[in-house]
Amino acid sequence: MATSDKSNKRQVLVPGGAGYIGSHCVIELVKDGYEPIILDNECNSSIECIKRIQQIVGCDIISYKIDCLDLESLRDIFRKHSIYAIIHCAALKAVGESVQKPILYYRNNIGSLLNLLTCMEEFNVKNFIFSSSATVYGTPKYLPLDEKHPCIGDAIVNPYGKSKYMCEHILKDTTVAHPDWNIIILRYFNPVGAHESGLIGESPIGKPNNLMPYIAQVIVGRLPHVNIYGTDYDTPDGTGVRDYLHVVDTATGHTAAMKKLEENCGLKIYNLGTGKGYSVLDMIKAVEKASGKTIVCKEHPRRSGDLASVYADPTLAIKELGWSAERTLDQMCQDLWRWQSNNPNGYL
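It should be emphasised that the depicted structure is a prediction, and the values quoted were computed from it without experimental measurement. (Residues numbered from 1 in each chain as written. Predicted model: local features only at pLDDT ≥ 70, side-chain atom pairs only at ≥ 80, totals over all residues. Heavy atoms only, no water.)

S.K.: What am I meant to see in helix H6 (residues 159–177) here?
M.R.: Since the α-helix turns once every 3.6 residues, residues separated by three or four places project in the same direction. Between the first and last C-alpha of H6 there are 27 Å, a value that for 19 residues agrees with the 27 Å anticipated at 1.5 Å per step. For H6, the full list of buried residues reads Pro159, Tyr160, Gly161, Ser163, Lys164, Tyr165, Cys167, Glu168, Leu171, Thr174 and Thr175. Those residues of H6 that are buried are in contact with helix H4 (95–100), helix H5 (102–123), strand E5 (127–133), strand E6 (182–188) and strand E11 (267–272). (Helix = DSSP H or I, 4+ residues; strand = E, 2+ residues; numbered from the N terminus. Expected span 1.5 Å × (residues − 1). Buried < 20%, exposed > 50% of the residue type's maximum accessible area, 1.4 Å probe, protein only. Contact = heavy atoms within 4.5 Å.)

Following this line, the structure appears as structure tokens:
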């Protein structure tokens, strides 16, 4: 769906806006008075998600089915609209899959960024927020991870993380060439949960590559059991520890970053995390509590590309963005269960 450009609101282009994180960002943008424009190739999303977003916000959303690797189609969007800023959420994001399909990940994640930056130059757009990842830190030298932790390419253990690392360097070089541009890099840790309405949530196409949607599909009977990869890590219970934050908190991190752009902030980098680590077994127990169901698990050896413990120091985002993760682990799992129980087959 697309409409003519007649709005007086600041328009924000959201590549990946029908995806898991992008869809929640779109809702928060509308709440904060912006007009989001969704671009999505629907490779891991659904047009139904856009309909649900409109139901939640109570207005139409401009959207286009476009792949960001298609530069000419991107140029058409920039010609049609007066873009104030871009929140770039369009990327392939599964660590395990990236190890098996590195060329696909490099082509998609880096190529889409280059095309967006090309259009920014051509159409004089100067504000950009990039969805990066805690994987750029590689194997942690210390915990919790703050933004000063070194990001060394050879220390990053999977192609997904390396693609984000390369994208960050492209953005840093871009700000040198364009000192009047404002670029904010948001390093996500592990967004989970769903919108409190139960209308939108994570709905991967095919078998999920991430833990929480996999657990969710097990509890509604779509998958037989949860696979636990690695039970011998140096962690309290032997399973991997990650910093899980609610997807709505992730989205409000983007609207906080939008306000930061108005300060002509230049290049900024922020962690989006809670500062707390939860193990795979912690997450399974929390979902069992929220759903009242028992989850069958099977143990397997460690996977290539996985790490023992990763969690954030979010102090800088708290200080400079006025943002912090507000929702608890119980809320994450309750909202996940509400979404999945109401939509056992996702958007299908």
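On we go from here.
S.K.: Sorry, what's going on with the sheet that holds strand E2 (residues 35–40) here?
M.R.: Pairing between the strands of a sheet comes from backbone hydrogen bonds, and it takes one of two forms, parallel or antiparallel. Strand order in this open sheet of 7 strands is E3-E2-E1-E4-E5-E6-E11, and the pairing throughout is parallel. One side of each edge strand has no neighbouring strand; the edge strands of this open sheet are strand E3 (62–65) and E11. On average, each strand axis in the sheet is tilted by 15° relative to the strand beside it, whichever way the strands run. With 3 bridges connecting them, strand E4 (residues 83–88) and E5 associate as parallel partners. Its bridge partner being in E5, Ile86 is matched across the sheet by Phe128. In the packing of H6 onto the sheet, the strands contacted are E5, E6 and E11, and the crossing angle to E5 comes to about 155°. (Pairing = 2+ DSSP bridges. Axes fitted to C-alpha atoms, helices over the stretch in contact; angles between N-to-C directions.)

S.K.: What is the right way to look at the nonpolar core in this model?
M.R.: In terms of nonpolar packing, the biggest core is built from 49 residues, with Ile129, Ile184, Leu186, Phe189, Met258 and Leu261 touching the most fellow members. At the level of elements, strand E1 (11–15), helix H1 (20–31), helix H2 (47–57), E4, E6, helix H8 (247–261), E11 and helix H10 (315–321) are the ones that each hand at least two residues to this core. Of all hydrophobic cores here, the second largest spans 27 residues; its members include Leu74, Ile83, Ile86 and Val125. (Core = buried A, V, L, I, M, F, W, Y, C linked by side-chain atoms within 4.5 Å.)

S.K.: Can you help me understand the UniProt feature "domain: NAD(P)-binding" (unreviewed entry) in the protein chain in this one?
M.R.: When the UniProt feature table is mapped onto this chain numbering, "domain: NAD(P)-binding" (unreviewed entry) sits at residues 13–335. Each end of residues 13–335 is marked by a C-alpha atom, and these two atoms are 27 Å apart; helix forms 40% of the span and strand 18%. (UniProt positions renumbered as here; feature names shortened; annotations may be inferred.)

S.K.: Could you clarify how one ought to interpret the pattern of salt bridges in this entry?
M.R.: If charged atoms from side chains of opposite charge come close, those side chains can pair. Under the criterion given, the structure shown has 18 salt bridges. A salt bridge links Glu72 to Arg75; the nearest nitrogen and oxygen atoms lie 2.4 Å apart. Separated by 3 residues within a single helix, Glu72 and Arg75 lie in helix H3 (residues 71–80), roughly one turn from each other. Using a relative accessible area of 45% as the deciding quantity, one classes Glu72 as partly exposed. (Salt bridge = Lys/Arg side-chain N within 4 Å of Asp/Glu carboxyl O.)

S.K.: What's the story with the packing of aromatic side chains in this structure? I'm lost.
M.R.: For any pair of aromatic rings, geometry is given as the distance between the ring centres together with the angle between the planes. Scanning all chains against the criterion turns up 2 aromatic pairs. Here the basic side chain of Arg10 rests over the ring of Tyr84, its NZ or CZ set 4.1 Å away from the ring centre. (Phe/Tyr/Trp six-rings, centres within 6.5 Å; stacked < 30°, edge-to-face > 60°. Lys NZ or Arg CZ within 6 Å of the ring centre and 35° of its normal.)

S.K.: How should unusual backbone geometry be read in this particular structure?
M.R.: The general pattern is negative phi for most residues beyond glycine and trans for most peptide bonds. For the peptide bond that leads from Leu143 to Pro144, omega is -5°, which places it in the cis range. Mapped onto the secondary structure, Pro144 falls in the loop between E5 and H6. Phi angles above zero are rare outside glycine, and Asn124 is one such case at about 60°. The residue Asn124 is located in the loop between H5 and E5 in this model. Even without glycine at this site, Asn264 takes up a positive phi of about 50°. For Asn264, the location among the structural elements is in the loop between H8 and E11. You can call Asn264 exposed: its relative accessible area is 61%.

S.K.: Hey, could you run me through the environment of Met120 in this one?
M.R.: Residue placement: Met120 occurs in helix H5. Residue Met120 is classed as buried on the basis of its relative accessible area of 0%. In contact with Met120, other than residues within four places in its own chain, are Phe78, Ile86, Val125, Lys126, Asn127, Phe128 and Trp181.

S.K.: Explain the layout of surface pockets here, please?
M.R.: Any empty space left between the atoms is revealed when a probe the size of a water molecule rolls over them. Volume-wise, the second largest pocket comes out at about 160 Å³. Around the second largest pocket, the lining residues are Ile27, Glu28, Lys31, Ile56, His195, Glu196, His246, Val248, Arg327, Gln331 and Asp335. Counting residues per element, the ones that place at least two in the lining of the second largest pocket are H1 and helix H11 (329–342). Among the elements that make up the lining of the second largest pocket, the one with the highest residue count is H1 (3 residues). (1 Å grid on protein atoms, 1.4 Å probe; cavity = no way out; pocket = protein on both sides within 12 Å on 5 of 7 lines; lining within 4 Å. Points joined across faces, edges and corners; volume = space filled by probe spheres on them.)

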